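# Structure assessment
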Amino acid sequence: MDLRIIIEKNIPFIKGVLDNHARVEYLSPEEITAETMRTTDALICRTRTRCDASLLEGSRCSFIATATIGTDHIDLDYCHRHGIRVANAPGCNAPAVAQYVFASLAHVIDRPLNEYTIGIVGVGHVGGIVERWAEQLGMRVLVCDPPRAEIERNDNFVSLNDIALNCDIITFHTPLTVNGKYPTHHICSDGFLNSLSHKPIIINCARGGIFDTQAVINALETGKIANVIVDCWEGEPQLNPGLLEKAIIATPHIAGYSREGKIRATAMALNALSKHFDLTIPNVAQGIAPGAVQNVTLQAIAKSYNPLIDTHALKASPHDFEALRNNYNYRNEVAEVNN
């Protein structure tokens, strides 16, 4: 059995699946080092493992799968130059993140949901579900996605300035990008926050660096925004204590932590690996719905998940951020509501 695979040990629903096909080691992120990677053919990881030259130089690795949507922890240019195939899990936890958004709002809003205008920044897998559910729940919906707007060239999209001027709730669902035509790093900046008109609720369950943390704190202190809901933090697992204190809902990067989402992510990583190495392995996602339910109510979503429990745990012990993530009791996604 010549194939050697390292799997980050905190990835659920994967232990034992590959053990008959390769020599498998289950390691913590701290144990995944240049030395352990040197004789490794494949790596399955999460966001805590930085995959770049310092980890991969001199290794025989030809394949990396991340059981996450994002790839900003992977140096894609390096991998491309060195013939390392990279696979991620787009959309795997999108229903869970949408569930998080509306479950959080259920505990924050002070009037019927259909009296709010929601602005969605980034309309990919997650943003698309948030858009569909928001419309179904009677909200006025504005969507901002400059890359899509440039390609699709229709009137469905508005500018970030339109979002700032017209929305009571603003939720971010973009990847984290620093370069390119439409960078998202600190997209929620002093300039954006100072242009707000409706004292909105602002939500970040995308990437920590989307927020300019100090700018968000300033906007809370000056009353430019009413409340902030934070699941993703700049510099995590180290948290800004001021933002942690002021956030009405504050959770340890678990918005996408549903049982179904984790199974989808693991299945997508395994499927990509099996194709790369021509392996035949079991389907771990059998019986799991591929995407979000069609029909929801706010009551059903609120019943399916209470983010205040996770908020209390994080605020009580912020230094346990990683432990709260790694030992999270995966929730079930909201079920279909039959009309």
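This text goes with the structure placed above it.
Conventions we followed
- Residues numbered from 1 in each chain as written.
- Predicted model: local features only at pLDDT ≥ 70, side-chain atom pairs only at ≥ 80, totals over all residues.
- Heavy atoms only, no water.
- Helix = DSSP H or I, 4+ residues; strand = E, 2+ residues; numbered from the N terminus.
- Rg over C-alpha atoms; globule rule 2.2 N^0.38 Å.
- Buried < 20%, exposed > 50% of the residue type's maximum accessible area, 1.4 Å probe, protein only.
- Contact = heavy atoms within 4.5 Å.
- 1 Å grid on protein atoms, 1.4 Å probe; cavity = no way out; pocket = protein on both sides within 12 Å on 5 of 7 lines; lining within 4 Å.
- Points joined across faces, edges and corners; volume = space filled by probe spheres on them.
- Nonpolar A, V, L, I, M, F, W, Y, C, P; charged D, E, K, R; others polar.
- Core = buried A, V, L, I, M, F, W, Y, C linked by side-chain atoms within 4.5 Å.
- Axes fitted to C-alpha atoms, helices over the stretch in contact; angles between N-to-C directions.
- Parallel < 35°, antiparallel > 145°, perpendicular 65-115°, else oblique.
- Left-handed = near helix turned anticlockwise from the far one by under 90°.
- Pairing = 2+ DSSP bridges.

Here we come to the overall build of the protein chain. The helix and strand tally for the protein chain stands at 14 helices and eleven strands. Against the compact-globule benchmark of 20 Å for 339 residues, the protein chain has a radius of gyration of 20 Å, which places it among compact chains. By its C-alpha atoms, the protein chain is 60 × 45 × 45 Å across when sized along the principal axes. In the protein chain, which comprises 339 residues, the proportion classed as buried is 53%. Pairs at least 24 residues apart make up 64% of the contacts formed inside the protein chain by residues separated by at least 6 positions.

For the rest of this paragraph, the subject is the layout of surface pockets. In this structure, the largest pocket occupies an estimated 940 Å³ of space. Contributing to the lining of the largest pocket are 48 residues, with Ile 69, His 173, Thr 174, Pro 175 and Ala 206 lying nearest its centre. Of all the elements in the fold, those that place two or more residues in the lining of the largest pocket are helix H5 (125–136), helix H6 (146–152) and helix H11 (259–277). Among the residues making up the lining of the largest pocket, the classes are represented as 23 nonpolar, 17 polar and eight charged. In this structure, the second largest pocket encloses a volume near 280 Å³. Along the walls of the second largest pocket sit 16 residues, with Arg 48, Asp 72, Arg 207, Trp 233 and Glu 236 positioned nearest its centre. Split into classes, the residues belonging to the lining of the second largest pocket amount to three nonpolar, seven polar and six charged.

Moving on to helix H9 (residues 213–221). Taken as a whole, H9 has its buried residues at Thr 213, Ala 215, Val 216, Ile 217, Ala 219 and Leu 220. Each element contacted by the buried residues of H9 is listed here: helix H8 (190–194), strand S10 (227–230) and helix H10 (241–246). Trailing H9 by a residue or two, Gly 223 shows a phi angle of about 80°, which is positive.

As a further point, take unusual backbone geometry. Omega for the peptide link from Glu 236 to Pro 237 comes to 15°, which places this bond in the cis form. For Lys 199, which is not a glycine, the phi torsion comes out positive at approximately 50°. With respect to the secondary-structure elements, Lys 199 resides in the loop between H8 and strand S9 (201–204). If you check the backbone angles, Asp 278 has positive phi at about 55° while not being a glycine. Position of Asp 278 relative to the elements: it lies in the loop between H11 and helix H12 (298–304). Residue Asp 278 is classed as exposed on the basis of its relative accessible area, which comes to 70%.

It is the rolling of a water-molecule-sized probe over the atoms that shows where space remains empty. On inspection of all chains with the given rule, the structure shows one cavity of 30 Å³ or more. By volume, the largest cavity is sized at about 40 Å³. Forming the boundary of the largest cavity are Ile 11, Pro 12, Arg 46, Ala 67, Lys 262, Ala 265 and Thr 266. Of the residues in the lining of the largest cavity, the class split is four nonpolar, one polar and two charged.

Time to look at the nonpolar core. Counting 42 residues, the largest nonpolar core has Phe 102, Leu 105, Trp 133 and Met 139 as its most contacted members. The set of elements that each furnish at least two residues to this core consists of helix H4 (94–106), strand S6 (117–121), H5, strand S7 (140–144), S9 and H12. Of the residues forming this core, the biggest block, eight residues, is contributed by H4. Those residues within four positions of Leu 105 in sequence are excluded, and the remaining contacts are Ile 169, Ile 201, Ile 203 and Ile 229.

Once that is clear, we can look at the packing of H4 against H5. Axis angle and axis distance: for two packed helices, these are the angle between their axes and the distance between the axes, and together they describe the pair. Between H4 and H5, whose axes approach to 8 Å, the crossing angle comes to 50°. By the angle between their directions, the pair H4 and H5 is classed as oblique. Considering the relative orientation of H4 and H5, their crossing is right-handed. Between H4 and H5, the contacting residues are Ala 94, Pro 95, Val 97, Ala 98, Gln 99, Val 101 and Phe 102 on the first element and His 125, Val 126, Ile 129, Val 130, Trp 133 and Ala 134 on the second. Taken together, the residues that form the contact of H4 with H5 break down as eleven nonpolar, two polar and no charged.

Walk down a regular strand and you will see the side chains alternate between the two sheet faces. Residues of strand S3 (residues 42–45) alternate between two faces, with Ala 42 and Ile 44 on one and Leu 43 and Cys 45 on the opposite face, all of them buried. The pairing of strand S1 (residues 4–8) with S3 spans three bridges and is classified as parallel. Bridge pairing in S3 places Ile 5 opposite Ala 42. Of the pairings in the sheet, the one linking S3 to strand S4 (residues 63–66) comprises four bridges and is parallel in character. Bridging from a neighbouring strand, Ile 44 pairs with Ala 65 of S4.

A few words now on the sheet that holds S1. With parallel pairing, five strands are arranged side by side in an open sheet as S2-S1-S3-S4-S5. Two strands bound the open sheet, and with one partner strand each, they are strand S2 (23–27) and strand S5 (85–87). Within the sheet, the average angular offset between the axes of one strand and its neighbour, ignoring direction, is 15°. Examined bridge by bridge, S4 and S5 share three bridges and lie parallel to one another. In the strand pairing of S5, Ile 64 is matched with Val 86. The strands touched by H11 within the sheet are S1, S3, S4 and S5, with S4 carrying the most contacts at an inclination of about 165°.

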